[in-house]
Amino acid sequence: MSIKAYLILFFWVFSAFSCLFSSLTVAKSASRFPSSAIRAELAGKNSNKLYRAKYFTQILDHFNFNPRSYQRFQQRYLINETYWGGPKKNSPIFVYTGNEGDIEWFAQNTGFMYDVAPAFEALLVFIEHRFYGKSIPFGGDKDVAYSNASTLGYLTSAQALADYATLIIDLKRNLTAVDAPVVVFGGSYGGMLASWFRLKYPHIAIGALASSAPILNFDNITSPYSFNNIITRDFRSESENCYKVIKGSWEKIEKAGKRAGGLELLRESFGICKNYIDAGVLEGWLQTAFIYTAMTDYPTPSNFLNPLPPYPVKQMCKAIDDPKTGSDTFAKLYGAANVYYNYSGTATCFNLADSSDPHGLDMWGWQACTEMIMPTEGNNKESLFPESQWSYSDRAAGCKAYFGVDPRPCWITIEFGGHDIYRVLKRYGSNMIFFNGLRDPWSGGGVLKNISKTIVAIVAEQGAHHVDLRFATKEDPKWLQDVRQMEITIISKWISQYYHDLAHNF
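Here we summarise the structure given alongside this text. Note that the structure is a prediction, hence the values are computed from the model and not measured. (Residues numbered from 1 in each chain as written. Predicted model: local features only at pLDDT ≥ 70, side-chain atom pairs only at ≥ 80, totals over all residues. Heavy atoms only, no water.)

Digging into the overall build of the chain
And step 1. Tallying secondary structure elements over the chain gives 18 helices and 10 strands in all.
And step 2. Here the C-alpha radius of gyration of the chain, 23 Å, is about what a compact globule of 506 residues would show, namely 23 Å.
And step 3. On the principal axes, the C-alpha backbone points of the chain span a range of 75 × 55 × 50 Å.
And step 4. Counting across all 506 residues of the chain, residues that qualify as buried make up 58%.
And step 5. Taking as baseline every contact in the chain between residues at least 6 positions apart, the subset at least 24 positions apart corresponds to 74%.
And step 6. Total accessible area on the chain is roughly 20,300 Å²; 52% of this is exposed by carbon and sulfur atoms. (Helix = DSSP H or I, 4+ residues; strand = E, 2+ residues; numbered from the N terminus. Rg over C-alpha atoms; globule rule 2.2 N^0.38 Å. Buried < 20%, exposed > 50% of the residue type's maximum accessible area, 1.4 Å probe, protein only. Contact = heavy atoms within 4.5 Å. Areas by Shrake-Rupley, 256 points an atom, 1.4 Å probe, with all protein chains shown as cover.)

What follows is the structure, encoded as structure tokens:
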């Protein structure tokens, strides 16, 4: 595997929001997935009324006083004032700490904030992460901003958090809402940022809802086997036969790829477009489908990454267990892959060569090579995927060769903590909610038990990746409704306490 392919593969595995691994050639249409997925969770909602875009002139470097540090760039944020009670009432401001991509995608897929805004009379703000979407330093020129380590060196989580702090303070001042309480929200990497923001800037945010935030997936705190062990458990819980078919398929694909005519057999068996075929890439394409399906194993239909039915892991296993396919492993896997890549039924072939980046997520590779060293690639003998070990040296060598940088695998725990978190945060932290669904492979690196009375873990056995932040529907199971109600109750207490303290000058 090439260095670039290795880094991109890691990027695909981590990002909860990217589907860059493949696209579809669709009948009578030039569009490809996941370009349509950005509006997927809006079912019946007018995206034009969800927000309006604004820009804030942001400083390049918050932590140095070199001449270059004072350079500025335009940082995008989205705002919705529909339900805001206004500054005279000190109505709350709910801020989404943006992830590794276009902020509109996250704003359109974080329905929980819109759902609860009327009851709280909250102002909604979604801030885009630097170097993603349209928030590009160096004049907005990606060719310059992405060119080398000297420019990309300003892409860090600490700089992003300082961006959010600066923007929020300025926004409150301009709105004459200096005393309005701020609560931060985030999912996945955005959830990590929300929790870290509360710890770093408690004078700005009174609380944080961090959904599916693997803040413990660093520095030997979480096993590198945890991620794929959970995916294995998800599929095995649905069907032992399903698990065995997938587990035994990798060797069959490799053998087919090596024999004469084998690649054409694989192309025909999996409906691969005629432009490119490779056995290893095909395996990665299938593994991506299993990973993302486990992550988004939601109880209701979704289009978050790709159009998916309710409980898509169950549907994948149903396709694999279909007696009509007999003992044809490739036919079984093809049926499973179609659940993720072609549930709409419009694909004519699958394009393994496409590596487009429709949502501006590409620079996660830099973060994964500097501070975001999150071991997830380990596979034991029971794993759904081929047995393998996590290798930091491989990651470091790839990063050095591609970006010219040495990773700092311990920096996140130095900067934000992580070791002995239950003991440490009990002493100095407060007002945080950590939600994790145990069907989400990232939950292994999450906070899964209460730390204190005010740092609460909500764990849902049947939950998937930040399912609580999705738009609510009438079909949501009771456990999901209960999760959201718990979150609303806790946030209400934070705000009530804030108003009480404000009134009494505490």
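Things to note about the side chain of Gln-58
And step 1. For Gln-58, the position within the fold is in strand S2 (residues 52-59).
And step 2. One polar contact links Gln-58 to Gln-75, side chain to side chain, over a distance of 2.8 Å.
And step 3. Filtering out sequence-adjacent residues up to four positions away, Gln-58 remains in contact with Gln-71, Arg-72, Phe-73, Gln-75, Asp-163, Thr-166 and Leu-167. (Polar contact = N/O pair within 3.5 Å; in protein donor to acceptor, adjacent residues only side chain to side chain.)

Description of the sheet that holds strand S7 (residues 207-211)
And step 1. Spatially, the eight strands line up as an open sheet ordered S2-S3-S5-S4-S6-S7-S9-S10, and their pairing is mixed. Looking at which strands have only one partner, the edges of the open sheet turn out to be S2 and strand S10 (455-460). Each strand axis lies, on average, 20° off the axis of its neighbour in the sheet, ignoring direction.
And step 2. Contacts from helix H7 (residues 189-200) reach strand S4 (93-97), strand S6 (182-187), S7 and strand S9 (432-437) within the one sheet, and its direction differs from that of S6 by about 150°. (Pairing = 2+ DSSP bridges. Axes fitted to C-alpha atoms, helices over the stretch in contact; angles between N-to-C directions.)

Considerations on the pairing of S10
Working note: regular strand, side chains alternate between the two faces of the sheet.
And step 1. Burial analysis of S10 places five of its six residues in the buried class, the great majority of the element.
And step 2. Across six bridges, the pairing between S9 and S10 is parallel. The residue of S10 that forms the bridge with Gly-437 is Ala-460.

A word on helix H15 (residues 392-403)
And step 1. Over its 12 residues, H15 extends 16 Å from the first C-alpha to the last, a length consistent with the 16 Å expected when each residue adds 1.5 Å.
And step 2. When we look at burial in H15, the residues that qualify are Arg-395, Ala-396, Gly-398, Cys-399 and Phe-403. Each buried residue of H15 lies within a common arc of 165° when the element is viewed along its axis, so the set occupies one face.
And step 3. Two residues or fewer past H15, Gly-404 is found with a positive phi of approximately 75°. (Expected span 1.5 Å × (residues − 1). Arc of directions from axis to C-beta.)

Some details on the state of the cysteines
And step 1. Here the structure, examined in full by the defined rule, presents three disulfides.
And step 2. The disulfide partner of Cys-242 is Cys-317, and the S-S distance across this bridge is 2.2 Å. One disulfide, between Cys-242 and Cys-317, carries an S-S torsion of -70° and so falls in the left-handed class. Residue Cys-242 is found in helix H9 (residues 240-258), and its partner Cys-317 is found in helix H12 (residues 312-320); the two are separated by 75 residues along the sequence. (Disulfide = S-S within 2.5 Å.)

Side note on the pattern of salt bridges
And step 1. According to the stated counting rule, one finds 20 salt bridges in the structure shown.
And step 2. For Glu-377, the salt bridge identified is with Arg-395, shortest N-O distance 3.5 Å. With Glu-377 in the loop between helix H14 (364-367) and H15 and Arg-395 in helix H15, this residue pair connects regions lying 18 residues apart in the sequence.
And step 3. Owing to a relative accessible area of 1%, Arg-395 belongs among the buried residues under this scheme.
And step 4. Among the charged side chains, a network of salt bridges with common partners joins Arg-76, Asp-102, Glu-104 and Glu-128. (Salt bridge = Lys/Arg side-chain N within 4 Å of Asp/Glu carboxyl O.)

Notes on helix H18 (residues 478-503)
In an α-helix there are 3.6 residues to a turn, and that puts residues three or four apart on one side.
And step 1. For H18, with 26 residues, the first-to-last C-alpha span of 37 Å sits near the 38 Å given by 1.5 Å per residue.
And step 2. Residues of H18 that are buried include every one of Leu-480, Val-483, Arg-484, Glu-487, Ile-490, Ile-491, Trp-494 and Ile-495, and no others.
And step 3. Structurally, H18 contributes buried residues whose contacts are with S4, helix H3 (111-120), S6, S7, S9 and S10.

Examining the nonpolar core
Here is a general trend for soluble globular proteins: nonpolar side chains tend to be buried in one another's company.
And step 1. The biggest cluster of nonpolar side chains holds 149 residues, and the ones touching the most others in it are Phe-94, Trp-196, Phe-197, Phe-235, Leu-286 and Phe-290.
And step 2. For this core, the leading source of residues is helix H11 (residues 279-295), giving 10 residues.
And step 3. In contact with Phe-94, other than residues within four places in its own chain, are Met-113, Val-116, Phe-120, Ala-122, Leu-123, Leu-124, Val-125, Val-183, Phe-185, Ile-491 and Ile-495. (Core = buried A, V, L, I, M, F, W, Y, C linked by side-chain atoms within 4.5 Å.)

Considering the packing of H11 against H12
And step 1. One can describe the packing of H11 onto H12 by two numbers: an axis separation of 8 Å at closest approach and a directional angle of 140°. One finds that H11 runs oblique with respect to H12. In this structure, H11 contributes Ala-289, Phe-290, Thr-293 and Ala-294 to the contact, and H12 contributes Pro-312, Val-313 and Met-316.
And step 2. A breakdown of the residues in the contact of H11 with H12 according to their chemical character gives six nonpolar, one polar and no charged. (Parallel < 35°, antiparallel > 145°, perpendicular 65-115°, else oblique. Nonpolar A, V, L, I, M, F, W, Y, C, P; charged D, E, K, R; others polar.)

Quick word on unusual backbone geometry
And step 1. Of note in the backbone geometry, Thr-176 takes a positive phi value of approximately 50° without being a glycine.
And step 2. Mapped onto the elements of the fold, Thr-176 is located in the loop between helix H6 (157-174) and S6.
And step 3. The exposure class assigned to Thr-176 is exposed, which follows from its relative accessible area of 58%.

Some details on the packing of aromatic side chains
And step 1. In total, this model carries 27 aromatic pairs according to the counting rule given.
And step 2. Seen in terms of ring centroids, Tyr-96 and Phe-106 are 6.3 Å apart; in terms of plane orientation they differ by 15°. Their pairing is stacked. Of the two residues, Tyr-96 is situated in strand S4 and Phe-106 in helix H2 (residues 103-107); the sequence distance between them amounts to 10 residues. In this pair, the class of Tyr-96 matches that of Phe-106, namely buried.
And step 3. Look at Phe-112 and Phe-185: their rings are 6.4 Å apart centre to centre, the planes differ by 55°, and that puts the pair in the tilted class. With Phe-112 in helix H3 and Phe-185 in strand S6, this residue pair connects regions lying 73 residues apart in the sequence. You'll find Phe-112 and Phe-185 in the same group, each marked buried.
And step 4. Feature note: the residues Tyr-96, Trp-105, Phe-106, Tyr-114, Phe-126 and Phe-471 constitute an aromatic cluster, connected by ring pairs.
And step 5. Positioned above the aromatic ring of Trp-411, the side-chain terminus of Arg-408 is 4.5 Å from the ring centre.
And step 6. Over the ring of Tyr-422 we find Lys-449; its NZ or CZ atom is 4.8 Å from the centre of that ring. (Phe/Tyr/Trp six-rings, centres within 6.5 Å; stacked < 30°, edge-to-face > 60°. Lys NZ or Arg CZ within 6 Å of the ring centre and 35° of its normal.)

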